[in-house]
Amino acid sequence: GAGDGAGASPAERFGLRRARGAEIVEVRDGEGTLLNDFRARGSDGHAPVGPSGYERTFVLELDAAQYQLDVDRGGSENDVYSSLNVLMRRRPKENNFKSILECIRDLMNADAPVPDWLHDVFLGYGDPAAAQGANMPREQRLATVDFKDTFLDAEHLRECFPDRDVRFATADGTPCDAPVPPFRVAFEENEEAKEGADDDDAEKDEAAKSEEERGSVSKRILRVESYVPPDPGPYPEDQPVLNAVRFTPTQVSAIASGVQPGLTMVVGPPGTGKTDTATQIMHCLYHNEPGQRTLLITHSNAALNDLFQKLMQRDVPARYLLRLGQGERDLDTDLDFSRQGRVNAMLQRRLELLAVVERLATSLGVPEDVAYTCETAGHFWLLHVLARWEKFDAAVAAARARGEAASAPSFVADSFPFVGFFADAPQPLFSGVDFEADKRKANGCMRHVREMFTELAECRAFELLKNAGDRSNYLLTKQAKVVAMTCTHAALKRKDFLRLGLKYDNLVMEESAQVLEIETFIPMMLQHPLDGRSRLKRVVLIGDHHQLPPVVKNLAFQKYCNMDQSLFARFVRLGNPTIQLNAQGRARPSLAKLYSWRYDALGDLPNTFEKGSAYALANPGFARDAQFVDVQDYSGVGESAPSPHFYQNLGEAEYVVSVYQYMRLLGYPAEKISIITTYRGQKHLLRDVVNARCASHPLFGAPKSVTTVDKFQGQQNDYVLLSLVRTRAVGHIRDVRRLVVAMSRARLGLYVFGRKALFEQCYELSPSLRHLFEGRPEKLALVPTERFDGPRRAADEIATNPYLVPDAVAMGHVVNQLALKWQQEQMAAAATPPVVSVASGVSAAAPPPRGRDEDDDLAPDY
């Protein structure tokens, strides 16, 4: 008919008569149960409960004006609503466009003030450094910062402040000759010197200036207090987990700036410890400002989980941590940090603590009914526990005043009122020979008891609130000290946060260079203003504007509206002071050269060339730790595009998967290998080849990840195989930011597969790729006689007479020969397994299991 013509409209071609817009407000399953975005946990505590049946009922909210027009039109032929075909787009995980637009609209119509100290900087006015901690009002700054376990020793602290005259003292001001961590650092003298003295000190300034002109200015004094932390308690689980990272001076500078109020911007090149720095900032914030609450935001769930898991291992109680959003289930922990999981944990902890209180009451000869509720336990604490401790403390003070500390060293052990309760602690509880040491031990025991009753007092609200929703809301708004979520979740749930009255004082944002400006602004506005002012005191932005920016798929918005510029990148362009981490500890120094040129003075940490480590050893089976492998057309075909922008390269896919199989045959663990590519079409092709040749094979299995460069940002692996795909044009790898991401994912080995004649002509890529082109063969250089679990060469030792693989077909022969050898070993050790060709992508040219053909001379026997 007429609808079959080439010039027919889409409606004519598909038989579309009417189109109406509607909003789906409810979805019900086959049993009529209402579905929503949050799935309850099943009876096993883990598996989400899915919908029942195969039928779905949609409740639609129609356009009222259009519906009225349709009704007025009348007639059976104009009856649009008797039968509707509902067409929905996008997966549920991505169906957040409308919610985020509504959040932006609400922000535009609301009175949501930016913090006064950030207002001008946010708009780009005035001094770009006005929001830095050093320029904040003195009464808002922390004069003394407790760095807790940031410094491993006194020498570490001196290294981090090379331009200061560090002077250690004890808590009473006495100079300390052998200081040990933890340390409190007093910054007030430095700030006074920075701001300048007043008129009374003008003469001193002139004297200092003249002294500076003579070149003999002494370093400014930095007073550091070495203090003994309180005894945490007698049980092993009371001991906090201490930091083991030796932070660099720039990392310590970032930590010190992040603890102070104001804006802190940290530029973190790949592998420089952004996550460890952010974790230490939050750890120090919790201990320096225990009454404040912190909001932790990242762009991706993977980065949020990584940061959250590191924070869980620090000295921050788990009851103060809350993880919002769907990514919580991916946390590598047995604990449940979702809202409902934390509520259940608090209720379970309440029962455990009440049982301990009952045991304490029994040891003191008090009736056990004091442990019936949190309220009765609170009365027991005041009337019996605290009263006994105050009596004991007064007796110890009197004995010390009478001078009995030396004559009666066992006084504390004999007088301590809770010896029976701590009978299950490691013994002996007290030495009985050192009065002061025993008193510190008694203080630790009391600290344990006090912490127990403090935790019980926090559980009382969950005891009084009977509704699960009320308990969950209380946890979010009152209990949690660190609330973590992605920027998307913050935008989706802003209205709920405002309704519940969420309050927070600090904002820490990781991956901030990957987040849209509006998505950076929204987390600052998740709470109602206090007396017309924002209560936000600190904003810490951590990111890398030299890596990939936010994703904006609309080219007009991206190019002409500059929407792909993050707030982090805009602040950098405006000249806001930043702290750039300057030492990477992820990759070998030879691999770090591929991207270190993009950063100023990016060096290597000592662990990357430590003798005996994996960095000091060569990659077994490979002559080089990094190589650009020239891949020519496969069966006369290079790149292809089954659909627009869906680029694929079968030759590279077969080559890359064959190299992965080769690595597995040598004993490389699959979880240490990642395959990445620059195009989504190639990702799907690689996954198809991996599924066909490796996934179900008992020897190979699937690599840890097969994904795109963009999706792999923020992740890393020991060995990375990179497919560049294109053979006619360079493509979007020409963007240096994408190049930096691609080159910085590997720790020990990076093997790039592409068309050398094309990419060596690209000026933008030359600073990185020239390191792979100069002095290195263009054919993959292998040493198949080596094993992953066998002796290894040193990293600087070049393999002699490596086998240069001509092409993907030859690589397939290498894999088949090694696989045949492995099968023969299996047959010798056990029953004979079936012989299977494993390089199916090149099976047309692969030799049979027995015998040889004319192509076998492409690869030697191993």
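Caption draft 1: Spotlight on the overall build of the chain. The helix and strand inventory of the chain stands at 29 helices and 22 strands. The buried share of the chain, reckoned over its 862 residues, is 47%. Here the contacts in the chain between residues at least 6 apart in sequence split such that 78% fall between residues at least 24 apart.

Caption draft 2: Summary view of unusual backbone geometry. The omega torsion of the bond from Pro181 to Pro182 falls at 10 degrees, within 30 degrees of zero and hence cis. Tracing the backbone shows Pro182 in the loop between β4 (164-169) and β5 (183-186). Cis geometry is found at the peptide bond from Gln427 to Pro428, where omega equals 0 degrees. For Lys148, which is not glycine, the phi dihedral falls at a positive 50 degrees. Among the residues examined, Lys148 registers a relative accessible area of 21% and is labelled partly exposed. Residue Ala601 is not a glycine yet carries a positive backbone phi of 55 degrees. For Ala601, a relative accessible area of 66% puts it in the exposed group.

Caption draft 3: Just the packing of aromatic side chains, in detail. Inspection of every chain in the model, using the stated rule, returns 30 aromatic pairs. Summarising the aromatic geometry, the rings of Phe622 and Tyr751 are spaced 4.3 Å apart at their centres and angled 25 degrees between planes, so their arrangement reads as stacked. On the criterion of sequence distance, the pair formed by Phe622 in the loop between β15 (603-604) and β16 (626-630) and Tyr751 in strand β20 (residues 746-754) is long-range, its members being 129 residues apart. You'll find Phe622 and Tyr751 in the same group, each marked buried. A connected cluster of aromatic rings, assembled from ring pairs, spans Tyr235, Trp389, Phe392, Phe416, Phe418, Phe421, Phe422 and Phe430. Directly above the ring of Phe788 sits Arg792, whose terminal nitrogen or CZ lies 4.6 Å from the centroid.

Caption draft 4: Spotlight on helix α8 (residues 249-259). Here α8 lies mainly inside the structure; nine of its eleven residues are buried. Looking at the buried side of α8, the elements it contacts are β3 (144-146), α5 (154-160), β7 (262-267), α9 (274-288), β12 (538-543) and β13 (579-580).

Caption draft 5: Examining the sheet that holds β7 more closely. If you walk across this open sheet you meet the seven strands as β9-β10-β8-β11-β12-β7-β13, and the pairing is parallel. Each end of this open sheet is capped by a strand with a single partner; those strands are β9 (321-323) and β13. Across four bridges, the pairing between strand β8 (residues 294-298) and strand β11 (residues 506-509) is parallel. Bridge pairing in β11 places Leu296 opposite Val508. Across the face of the sheet, helix α4 (residues 116-123) comes into contact with β7 and β12 while running at roughly 50 degrees to β7.

Caption draft 6: Here's a closer look at the side chain of Gln627. Turning to its location among the elements, Gln627 is positioned in strand β16. Side-chain polar atoms of Gln627 contact the backbone oxygen of Pro777, separated by 3.1 Å. In contact with Gln627, other than residues within four places in its own chain, are Leu750, Tyr751, Val752, Leu772, Pro777, Lys779, Leu780 and Ala781.

Caption draft 7: Main features of the packing of helix α15 (residues 435-464) against helix α16 (residues 468-479). The contact between α15 and α16 brings their axes to 9 Å, and the two run at 145 degrees. The hand of the α15/α16 crossing is right-handed. Between α15 and α16, the residues in contact are Glu458, Ala461 and Phe462 and Arg471, Tyr474, Leu475 and Gln479, respectively. Residues that form the contact of α15 with α16 fall into these classes: four nonpolar, one polar and two charged.

Caption draft 8: Spatial organisation of the environment of Met346. For Met346, the position within the fold is in helix α11 (residues 339-364). Residues Met346 and Cys459 lie 113 residues apart in sequence; the distance between their C-alpha atoms is 6.3 Å. Setting aside its immediate chain neighbours within four residues, Met346 contacts Arg319, Glu458, Cys459, Phe462 and Gln479.

Caption draft 9: The arrangement of the pairing of β5 in detail. Where β3 meets β5, three bridges bridge the pair, whose relative direction is antiparallel. The residue bridging Val145 from the neighbouring strand is Val185, located in β5. Taken together, the four bridges between β5 and strand β6 (residues 220-226) define a ladder with antiparallel strand orientation. Within β6, the residue paired with Arg184 across the bridge is Glu225.

Criteria and thresholds
Residues numbered from 1 in each chain as written. Predicted model: local features only at pLDDT ≥ 70, side-chain atom pairs only at ≥ 80, totals over all residues. Heavy atoms only, no water. Helix = DSSP H or I, 4+ residues; strand = E, 2+ residues; numbered from the N terminus. Buried < 20%, exposed > 50% of the residue type's maximum accessible area, 1.4 Å probe, protein only. Contact = heavy atoms within 4.5 Å. Phe/Tyr/Trp six-rings, centres within 6.5 Å; stacked < 30°, edge-to-face > 60°. Lys NZ or Arg CZ within 6 Å of the ring centre and 35° of its normal. Pairing = 2+ DSSP bridges. Axes fitted to C-alpha atoms, helices over the stretch in contact; angles between N-to-C directions. Polar contact = N/O pair within 3.5 Å; in protein donor to acceptor, adjacent residues only side chain to side chain. Left-handed = near helix turned anticlockwise from the far one by under 90°. Nonpolar A, V, L, I, M, F, W, Y, C, P; charged D, E, K, R; others polar.

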